[in-house]
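# Structural characterization, general
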Amino acid sequence: MAADLSKFDPNSVGLKSNNIFGLPFREDESQLVLLPVPWEVTVSYRQGTARGPENIFDASMQIDLFDPDVIDGWKKGFYMQPIDKNIRKKSDFLRQCAELIISCLIEGGDVSANEQLSEKLQEVNDGGKMLYNWVYEMTLRLLKNGKKVGLVGGDHSTPLGFIKALSEVHESFGILQIDAHADLRDAYEGFTYSHASIMFNVLKDIPQVEKLVQVGIRDYCDEELDLIRNSNGRVTTFFDRDIKALQYEGTSWREICDKVIDQLPQKVYISFDIDGLDPKLCPNTGTPVPGGFEVEQIFYMFRKLHDSGRELIGFDLNEVSCGEHTSDGMDAIVGARILFKLCNYMVAGKKEL
């Protein structure tokens, strides 16, 4: 069903009474549906990402709808589903449990020796399994209804169920991960569905992901490096240090983007952790790391990806947090613009070469 846009002025102020970006679409009128996932149970450092979807929604009203890369993409319809308050409430409760476990570990304690903490750890892991199943069911229903889907987190653990749902629709695809962290830890801090374990879980449980290409990684451990080196080419990591060295020595960003894209198969899923950017653009994200990219560098990479003729089959945007400083809103402002660009490329379709 096509929306009636005769009374909608794309040049006017964004109305919060409409939907994401102030667009007047219902779900049934939209080609792309966004699933907000307000979840941050296992964050290792700073909180706030569970409020990421609502902060991005509010900031999205400031987005001008003209995009020179995908002109009038918004006319195909973008719709964000309502935030599930029960999921957010569950996240808030389990986060308190996780904090007790993390505090014990930081102080050198043994969680397994403490019956109460062991029960809380099991409860957290059960909650992670619940979220995985919820995201899987929500996104698979949308995919089977012919919708394009994007996920808005939350922490980086949130898209696992979505990637699983995509694996039931696509026989094989690759992931382009933009991130400061490798996220290849096995059950980090004892949490099976840790935000630091998302790509470990993907590689272990979803064989349809034939290739993981990581870009901007600059915070990782020996165990993760071993996994990358022993992946038999399934994982290719472009470390931030190496990217910077190439640029300092005269390699253009275009050449670097070409090297990245050459590693990806025809179908691509983008997993975007906002801490892949320079932390001045996301100062309140959970675990900021010096280094990273400018937004325009990533937008250029997206453009080159589209120009290559590859098909974007889904995306997530996560780890957007305003922390305690919601008034300045930089993280949400940047997040909303990244989300709009991802939405536009999602509906642009595969470019014919």
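The rules we used
- Residues numbered from 1 in each chain as written.
- Predicted model: local features only at pLDDT ≥ 70, side-chain atom pairs only at ≥ 80, totals over all residues.
- Heavy atoms only, no water.
- Phe/Tyr/Trp six-rings, centres within 6.5 Å; stacked < 30°, edge-to-face > 60°.
- Helix = DSSP H or I, 4+ residues; strand = E, 2+ residues; numbered from the N terminus.
- Buried < 20%, exposed > 50% of the residue type's maximum accessible area, 1.4 Å probe, protein only.
- Salt bridge = Lys/Arg side-chain N within 4 Å of Asp/Glu carboxyl O.
- Core = buried A, V, L, I, M, F, W, Y, C linked by side-chain atoms within 4.5 Å.
- Contact = heavy atoms within 4.5 Å.
- Pairing = 2+ DSSP bridges.
- Axes fitted to C-alpha atoms, helices over the stretch in contact; angles between N-to-C directions.
- Disulfide = S-S within 2.5 Å.

### Some details on the packing of aromatic side chains
Counted by the stated rule, this structure contains eleven aromatic pairs. Measuring from centroid to centroid gives 6.2 Å for phenylalanine 78 and phenylalanine 340, while their planes differ by 75 degrees, and the two rings are edge-to-face. Highlighted residues: phenylalanine 78 in strand 2 (residues 78-80) and phenylalanine 340 in helix 10 (residues 330-348), separated in sequence by 262 residues. For phenylalanine 78, a relative accessible area of 0% translates into the label buried. With a centroid separation of 5.5 Å and an interplanar angle of 45 degrees, the aromatic rings of tryptophan 253 and phenylalanine 293 are classed as tilted. Here the residue tryptophan 253 occupies a position in helix 8 (residues 253-262), and phenylalanine 293 occupies one in the loop between strand 7 (267-273) and helix 9 (295-307), the gap between them amounting to 40 residues. When its relative accessible area of 13% is taken as the criterion, tryptophan 253 is described as buried.

### Quick word on the pattern of salt bridges
Throughout the structure, instances matching the rule amount to 18 salt bridges. A salt bridge links aspartate 92 to arginine 51; the shortest N-O distance between them is 2.9 Å. Residue aspartate 92 is located in helix 2 (residues 85-106), and its partner arginine 51 is located in the loop between strand 1 (32-37) and helix 1 (52-59); the two are separated by 41 residues in the primary sequence. For aspartate 92, a relative accessible area of 29% translates into the label partly exposed.

### Let's talk about the nonpolar core
Among the nonpolar cores identified, the biggest contains 60 residues, and Phe21, Phe78, Leu176, Ile270, Leu277 and Leu339 are the most heavily contacted of them. In terms of residue count, helix 10 provides more of this core than any other element does, eleven residues in total. Setting aside residues up to four positions removed in sequence, isoleucine 270 forms contacts with Leu176, Phe302, Leu305, Leu312, Gly314, Phe315, Asp316 and Leu342. Core analysis: the second largest hydrophobic core is formed by 52 residues, Val33, Ile87, Tyr136 and Leu203 among them.

### Here's the deal with the sheet that holds strand 6 (residues 235-239)
In spatial order, the strands read 2-1-3-8-7-4-5-6; together these eight strands make up an open sheet with parallel pairing. Each end of this open sheet is capped by a strand with a single partner; those strands are strand 2 and strand 6. For this sheet, the mean inter-axis angle between neighbouring strands, taken without regard to orientation, is 15 degrees. Both strand 5 (residues 209-217) and strand 6 contribute to a ladder of five bridges, which runs parallel. Bridge pairing in strand 6 places leucine 212 opposite valine 235. Contacts from helix 3 (residues 115-144) reach strand 1 and strand 3 (148-153), with the element oriented near 170 degrees to strand 1.

### Description of the state of the cysteines
Such a bond, covalent and formed between the sulfur atoms of two cysteines, is termed a disulfide. Counted by the stated rule, this structure contains zero disulfides. Left unpaired, cysteine 104 is separated from the closest cysteine sulfur, that of cysteine 97, by 14 Å. Judged by its relative accessible area of 15%, cysteine 104 falls in the buried class. Unpaired in this structure, cysteine 322 has its nearest cysteine sulfur neighbour in cysteine 282, at a distance of 11 Å.

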